[in-house]
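Architecture and fold: a report
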Amino acid sequence: MGEFAGIATAAALKRTGGALRAMFGAALDLALPRLCPACREPVEGQGLCPGCWSKLAFITKPYCERLGIPFVYDPGPGILSMEAIADPPAYRRARAAVRFDEISRALVHALKYGDRLDLAPMMGRWMSHAGRELLAGADALVPVPLHWRRLWARRFNQSAMLAAAISAASGVSVAARVLKRVKPTVQQVGLSRSERAANVQGAFRVPPEARTAVASRRLVLVDDVLTSGATVDGCARALLRAGAANVDVLIFARVADPVRTSI
Ligand SMILES: [Zn+2]
């Protein structure tokens, strides 16, 4: 009887909790109409307003098979960019959902600094679509870690939020804590290419207890923005040193000036 009462109470609590959450959520929605993260206009539902949505620059083929940077014209399948041949990264392939521009930067900033965690599922779905070839053969997703000091200041890691959203959309699990940022790197903004590479040199490490989760596995690194690629390259090097079979990279937005082909 006591046990039964306990179960009944738990069920009642669960119902009450659900109702409270629903009421609270409805009250919040009434009090605070959602704003488009890019233009700050009120929007129906979630995400961008139709005007900003139409300006979003999704990255589609043709692009370099290796770096995922769009080509100006279609050179045919399997052709790589000059960049991929001249300066190949440690990772095998990179894909990004959108180009980094005013609209995508607003989404990234809203997620990162604006407590707009509600944007993560949408951004994760776009990333899952852009990275479907990578995800098809992947064992796990690895979010690019923040240094603990920055994580503490920001309370959450935006790359981990995106990885969770990609996991929900694709079914590929997240391997959290397999990569550690051991050096508090300075912001990459404003640094030259070689300065960025030096900045992340030795910044990432696979802790000994995570080696079995990395060895012989096909991993997909997840990050919000790719500029020079130095950060994900540093991460990929650390994972490959720890025995990963393959490392690909899936990004929300990348700086992508159209590139020339190798021919
Ligand atoms: Zn808008």
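Residues numbered from 1 in each chain as written. Predicted model: local features only at pLDDT ≥ 70, side-chain atom pairs only at ≥ 80, totals over all residues. Heavy atoms only, no water.

**Quick notes on the coordination of the zinc ion**
Defined as follows: Note on donors: an N, O or S atom is included if it sits within 2.8 Å of the metal, or within 3.2 Å for Na, K and Ca, and water is never included, so sites can look incomplete. Every geometry call rests on angle ranges, with four donors termed tetrahedral when all angles are between 85 and 135 degrees, four termed square planar and six termed octahedral when opposite donors are over 155 degrees apart and all others are between 65 and 115, and everything else termed irregular. Remark: exposure states derive from per-residue accessible area (1.4 Å probe, protein chains only) relative to the maximum for the residue type, with buried under 20%, exposed over 50%, and partly exposed in between.
Surrounding the zinc ion are the protein donor atoms C36 (SG), C39 (SG), C49 (SG) and C52 (SG), which sit 2.3 Å from the metal. With four donor atoms in place around the zinc ion and angles of 104 to 115° between them, the coordination shape is tetrahedral. Classification of C52 by relative accessible area gives buried; the value is 5%.

**What about helix α4 (residues 102–113)?**
The cut-off we apply is this: Secondary structure follows DSSP: runs of H or I at least 4 residues long count as helices, runs of E at least 2 residues long count as strands, and numbering of each begins at the N terminus. Every helix has an expected span of 1.5 Å times one less than the residues it contains.
When the terminal C-alpha atoms of α4 are compared, their 16 Å separation across twelve residues agrees well with the 16 Å that a helix rising 1.5 Å per residue should span. Taken as a whole, α4 has its buried residues at I103, S104, A106, L107, V108, A110, L111 and K112. D115 sits one or two positions beyond α4 and adopts a positive phi of about 60°.

**Thoughts on the environment of A163**
This is how it is decided: We call two residues in contact when some of their heavy atoms are within 4.5 Å.
Positionally, A163 belongs in helix α8 (residues 158–170). Judged by its relative accessible area of 0%, A163 is buried. Between the C-alpha atom of A163 and that of A140, which follows or precedes it by 23 residues, the distance is 9.8 Å. With residues near it in sequence (within four places) discarded, A163 still touches L141, P143, V174 and V222.

**Side note on the packing of aromatic side chains**
Stated formally: Only Phe, Tyr and Trp rings take part, Trp by its six-membered ring, and two of them pair if their centres are within 6.5 Å. Stacked means planes under 30 degrees apart, edge-to-face means over 60, and tilted covers everything else.
Taken as a whole, this structure holds four aromatic pairs when the rule is applied. Between F58 and W126, the ring centres sit 5.2 Å apart and the planes meet at 80°, which makes this aromatic pair edge-to-face. Linking F58 in the loop between α2 (50–55) and α3 (82–86) with W126 in helix α5 (residues 120–130), this pair joins segments that are 68 residues apart in sequence. A residue is classified by how much of its surface remains accessible, and F58, at 34% relative accessible area, is partly exposed. Between W126 and F252, the aromatic rings sit 6.1 Å apart at their centres with planes inclined by 20°, giving stacked as the arrangement. Of this pair, W126 sits in helix α5 while F252 sits in strand β6 (residues 246–254), and the two are 126 residues apart along the sequence. Both residues of the pair, W126 and F252, belong to the buried class. Put simply, the rings of W53, F58, W126 and F252 touch in pairs and so form one group of aromatic residues.

**Thoughts on the sheet that holds strand β1 (residues 94–99)**
Cut-off, in case you're wondering: In this analysis, strands are considered paired if DSSP registers two or more bridges between them. Simply put, an axis is a line fit to the C-alpha atoms, just over the touching stretch for a helix, and the angle between two N-to-C directions goes from 0 to 180 degrees.
Across the sheet, four strands lie side by side as β1-β6-β5-β2; this open sheet has parallel pairing. Only two strands of the sheet have a single neighbouring strand rather than two, namely β1 and β2 (140–143). Shown here is a sheet whose adjacent strand axes are inclined to one another by a mean of 20°, direction ignored. Pairing between strand β5 (residues 218–226) and β6: eight bridges, direction parallel. Its bridge partner being in β6, D223 is matched across the sheet by I251. The strands touched by α8 are β2, β5 and β6; relative to β5, the strand with the most contacts, the crossing angle is about 125°. With respect to the sheet, helix α11 (residues 230–241) is in contact with β2, β5 and β6, its orientation differing from that of β5 by roughly 160°.

**Observations regarding the pairing of β2**
Residues A140 and V142 of β2 are buried on one face, and the alternating residues L141 and P143, pointing to the opposite face, are buried as well. In the sheet, β2 pairs with β5 via four bridges, with the strands oriented parallel. Within the sheet, the bridge partner assigned to L141 lies in β5 and is V220.

**Describing unusual backbone geometry**
Cis geometry is found at the peptide bond from K61 to P62, where omega equals 5°. Following the sequence through the fold, P62 ends up in the loop between α2 and α3. Positive phi outside glycine occurs at D115, with the angle close to 60°. On the secondary structure map, D115 appears in the loop between α4 and α5. Even without a glycine there, the phi angle at S216 is positive, about 60°. Inspection of the secondary structure assignment puts S216 in the loop between α10 (211–214) and β5. For S216, a relative accessible area of 60% translates into the label exposed.

**Remarks on the nonpolar core**
Here is the rule: Among buried residues, those of type Ala, Val, Leu, Ile, Met, Phe, Trp, Tyr and Cys that are joined through side-chain atoms within 4.5 Å constitute a nonpolar core.
Grouped together as the largest cluster of nonpolar side chains are 37 residues, with contacts concentrated most on Y91, L179, L221 and L239. At the level of elements, β1, β2, β5, α11 and β6 are the ones that each hand at least two residues to this core. Per element, the largest residue contribution to this core is six residues, and it comes from α11. Core analysis: the next-biggest nonpolar cluster, separate from the first, contains 33 residues, L56, V108, L119 and I166 among them.

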